[in-house]
Amino acid sequence: MKMDDFQVKITEVHLVSPANPTERCQLPFTTFDLMQKRDSMPYLQRVAFYESTGKGADLLVRNMKEGLAKVLVDFYPFAGRISFSGGGMPELDCNDHGVELSVAEANASLEELDTSQYSPLFKKLILRGNYEETTMTGTAPLFAAQVTKFKCGAVSVAWSFDHLAVDGIAMMHFITSWAEASSGKPISKPPVHDRYFERRNKDLAAKVDDSAPFQYTFVDPTAGVESRIFSFDEDEVEKMKTLVLEGNSDQQENGEHESFTTYEAVAAHFWVELCRARDLPKSQTTRAQIAVNCRPKIVPPVPQEYFGNVVLPGLAVSTIGELTAPGSKAVAAGLLKKSIRSFGMEEIRSQIQSYHENYRNKNPMAQGLTDGVDIFFGSSLRHPLYEVDFGWGKPVAVRHGRFLWDGFCFFDPSPRGGRSMDITVHLPLPIMAKLATTIKMLEP
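Keep in mind that this is a model prediction, so the values were computed, not measured.

## Side note on the overall build of the chain
Logical step 1: Of the regular secondary structure elements, the chain holds 10 helices and 15 strands.
Logical step 2: Rg of the C-alpha trace for the chain: 22 Å, near the compact-globule value of 22 Å for 444 residues, within the 12% margin.
Logical step 3: The principal-axis extents of the C-alpha atoms in the chain amount to approximately 65 × 55 × 40 Å.
Logical step 4: In the chain, buried positions account for 57% of the 444 residues.
Logical step 5: When the accessible surface of the chain is split by element, carbon and sulfur atoms take 50% of a total near 18300 Å².
Logical step 6: Charge-centre separation for the chain: the mean point of 47 positive side chains lies 1 Å from the mean point of 56 negative side chains.

Here's what the structure looks like:
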């Protein structure tokens, strides 16, 4: 279906506030939060698709609206706004101003959309979710959602959020809690809002000049980039892991296998194949950035239910020559493994201090990284994306709602279940075409 043929009309727009008044307060953004608010970071978006169940859509949407108001009582900071009342640094003003919920109707049936792949049509399923250019004004909601009804009775539920407020783990916590509340269930895991944990931890606290102005101007990083999903079943995933393990044993004098997680092995496969597709000089340095959940790595640990950002980038560095040589996938997996598993308090402290000393108002998550040379990995493989039930049952597909930057690869669970996975890749068209011819050949 062409973009012009697919019409979506918004019929309702609600500003949903907490069902009961909540604590009015100003909460600080941690360094983990501030590092996410870079010029190339848009509101992040997801779209979940649900087949028709024969239930009345209007009733379920009403339940979702009521559930959203209920869940915001526990997740009250999300109903707030960004404020600069305390000086040069932004704060989270918990003022109950609310989040946005839109209801829309589409002129097509769900089967007319190919949900197995990303489509620019998905942008119309979250029409009011692009607030990255106004978020710092204090007027934009931190979260927006859109329920779209299709002609066949199917629906999509799309959401968009400001990464300054929360990371993907916290966002998934909110969505699953919203689904619980919409079904009349109590929230199974209440959130934790202790945004002072960084300041209290003497091993993390950095010297911060709160009077220095925090500047942000959104710059769209997606020019010339397209998105594509590569799907792998369990057998293909296992073969990728086996190739890495066999390549590693070839390099071990004693012939023993080094252990790698499935994520490390599949990420190594993509890093190597992308290096080959880009056809860069062998002397060129290439880096892989991996999002690392620091909640369990901080001492003392931050609760998994913490509602905010606690993610930092691990970094693996190699050369094109090393990663295009025979057996290079084992090399790549080893580098990724080291960057993830050695990530501890020393690295966390170093990144926080470096941000405040060198990178304020810049792009600290991508310092030294270059589009067209490097690769970025994110993952929701452990997120219950296909368990989110607002009343229509489990989703048949959950997709990203917009393009991201060149070299970004995101690992998602597959609707097929098990260890199968869908990997969304963002690349320029010529490089994507090359990668598509080799990525599923599954060779060393």
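The rest of the description comes next.
## Side note on the sheet that holds strand β2 (residues 25-28)
Two modes of strand pairing occur in sheets, parallel and antiparallel, and in both the strands are linked by backbone hydrogen bonds.
Logical step 1: An order of β2-β5-β4 is seen for the 3 strands of this open sheet, with the pairing classed as antiparallel. One side of each edge strand has no neighbouring strand; the edge strands of this open sheet are β2 and β4 (81-83). Mean inter-strand twist for the sheet, computed between neighbouring axes without regard to direction, equals 40°.
Logical step 2: As paired elements, β2 and strand β5 (residues 91-94) share 4 bridges and run antiparallel to each other. In the sheet register, Pro-28 faces β5, and the bridge partner there is Glu-91.

## What to know about the state of the cysteines
Note: disulfide means a covalent bond formed between the sulfur atoms of two cysteine side chains.
Logical step 1: By the definition in use, this model includes 0 disulfides.
Logical step 2: Left without a disulfide partner, Cys-275 is nearest to the cysteine sulfur of Cys-409, which lies 11 Å away.

## Some thoughts on the domain arrangement of the chain
Logical step 1: Per the domain assignment, the segments making up the chain are domain 1 (3-200) and domain 2 (225-441).
Logical step 2: The C-alpha-based centres of domain 1 and domain 2 are spaced at 26 Å.
Logical step 3: With 67 residues of domain 1 at the interface, the matching set in domain 2 holds 52 residues.
Logical step 4: Contact with domain 2 buries area across many residues of domain 1, yet Phe-32, Arg-46 and Tyr-118 alone supply 15% of it, more than any other trio.
Logical step 5: Connecting domain 1 to domain 2 are 3 salt bridges.
Logical step 6: For Arg-402, the salt bridge goes to Glu-132, with nearest N and O atoms at 3.2 Å.
Logical step 7: When contributions to the side of domain 1 that touches domain 2 are tallied by element, the ones reaching two or more residues are α1 (31-34), β3 (44-50), α2 (57-74), β8 (155-161), α3 (168-182) and α4 (197-200).
Logical step 8: The element contributing the most residues to the side of domain 1 that touches domain 2 is α3, with 11 residues.
Logical step 9: When grouped by side-chain class, the residues that make up the side of domain 1 that touches domain 2 number 38 nonpolar, 17 polar and 12 charged.

## Structural notes on the packing of aromatic side chains
For any two aromatic rings, the description comes down to two numbers: the centre-to-centre distance and the angle of the planes.
Logical step 1: Using the criterion set out here, one finds 24 aromatic pairs in the structure.
Logical step 2: For the pair Phe-49 and Phe-122, a centre-to-centre distance of 5.3 Å together with 55° between the ring planes defines the contact as tilted. Of this pair, Phe-49 sits in strand β3 while Phe-122 sits in the loop between β6 (99-106) and β7 (143-149), and the two are 73 residues apart along the sequence. One exposure class covers both Phe-49 and Phe-122, and it is buried.
Logical step 3: Seen from their ring centres, Phe-174 and Phe-307 are 6.4 Å apart, and the 35° between their planes marks the pair as tilted. Pair noted here: Phe-174 is in helix α3 and Phe-307 is in the loop between β10 (285-293) and β11 (311-319), with a separation of 133 residues, a long-range link.

## Regarding the nonpolar core
When a protein is soluble and globular, its nonpolar side chains tend to lie buried together.
Logical step 1: With 80 residues, the main nonpolar core has Phe-78, Phe-143 and Phe-174 as its most contacted residues.
Logical step 2: Among the elements that take part in this core, α3 stands out by supplying 8 residues, more than any other.
Logical step 3: Looking at which domains feed residues into this core, each of domain 1 (3-200) and domain 2 (225-441) supplies at least three.
Logical step 4: With near-sequence residues (within four places) excluded, Phe-78 lies in contact with Leu-72, Val-99, Leu-142, Phe-143, Phe-161, Ala-165, Val-166, Met-171, Phe-174 and Phe-307.
Logical step 5: If you look at the next biggest cluster of nonpolar residues, it comprises 40 residues, including Tyr-263, Ala-277, Phe-377 and Leu-442.

## Regarding the environment of Gly-314
Logical step 1: One can find Gly-314 in strand β11.
Logical step 2: C-alpha of Gly-314 to C-alpha of Ser-342: the two residues are 28 residues apart in sequence and 9.2 Å apart in space.
Logical step 3: Apart from residues lying up to four places away in sequence, Gly-314 is in contact with Ala-288, Gln-289, Ile-290, Val-292, Ser-339 and Phe-343.

## Some thoughts on the pattern of salt bridges
Logical step 1: For the structure shown, the criterion picks out 19 salt bridges.
Logical step 2: Here Glu-238 ties to Arg-419 by a salt bridge, and the two come within 2.2 Å at their closest N and O atoms. Taken as a pair, Glu-238 in helix α5 (residues 234-251) and Arg-419 in the loop between β14 (408-413) and β15 (421-428) lie far apart in primary sequence, 181 residues in all.
Logical step 3: When its relative accessible area of 36% is taken as the criterion, Arg-419 is described as partly exposed.
Logical step 4: Of the charged contacts, one joins Arg-399 and Asp-422 as a salt bridge, the two residues approaching to 3.0 Å between their closest N and O atoms. Separated by 23 residues along the polypeptide, Arg-399 in strand β13 (residues 397-400) and Asp-422 in strand β15 bring together distant segments of the chain. Exposure class is identical for Arg-399 and Asp-422. Each is buried.

Parameters and conventions
Residues numbered from 1 in each chain as written. Predicted model: local features only at pLDDT ≥ 70, side-chain atom pairs only at ≥ 80, totals over all residues. Heavy atoms only, no water. Helix = DSSP H or I, 4+ residues; strand = E, 2+ residues; numbered from the N terminus. Rg over C-alpha atoms; globule rule 2.2 N^0.38 Å. Buried < 20%, exposed > 50% of the residue type's maximum accessible area, 1.4 Å probe, protein only. Areas by Shrake-Rupley, 256 points an atom, 1.4 Å probe, with all protein chains shown as cover. Lys, Arg positive; Asp, Glu negative; His and termini not counted. Charge placed at Lys NZ, Arg CZ, Asp CG, Glu CD. Pairing = 2+ DSSP bridges. Axes fitted to C-alpha atoms, helices over the stretch in contact; angles between N-to-C directions. Disulfide = S-S within 2.5 Å. Domains from an automatic or database assignment. Contact = heavy atoms within 4.5 Å. Buried area = accessible area lost by both parts, 1.4 Å probe. Salt bridge = Lys/Arg side-chain N within 4 Å of Asp/Glu carboxyl O. Nonpolar A, V, L, I, M, F, W, Y, C, P; charged D, E, K, R; others polar. Phe/Tyr/Trp six-rings, centres within 6.5 Å; stacked < 30°, edge-to-face > 60°. Core = buried A, V, L, I, M, F, W, Y, C linked by side-chain atoms within 4.5 Å.

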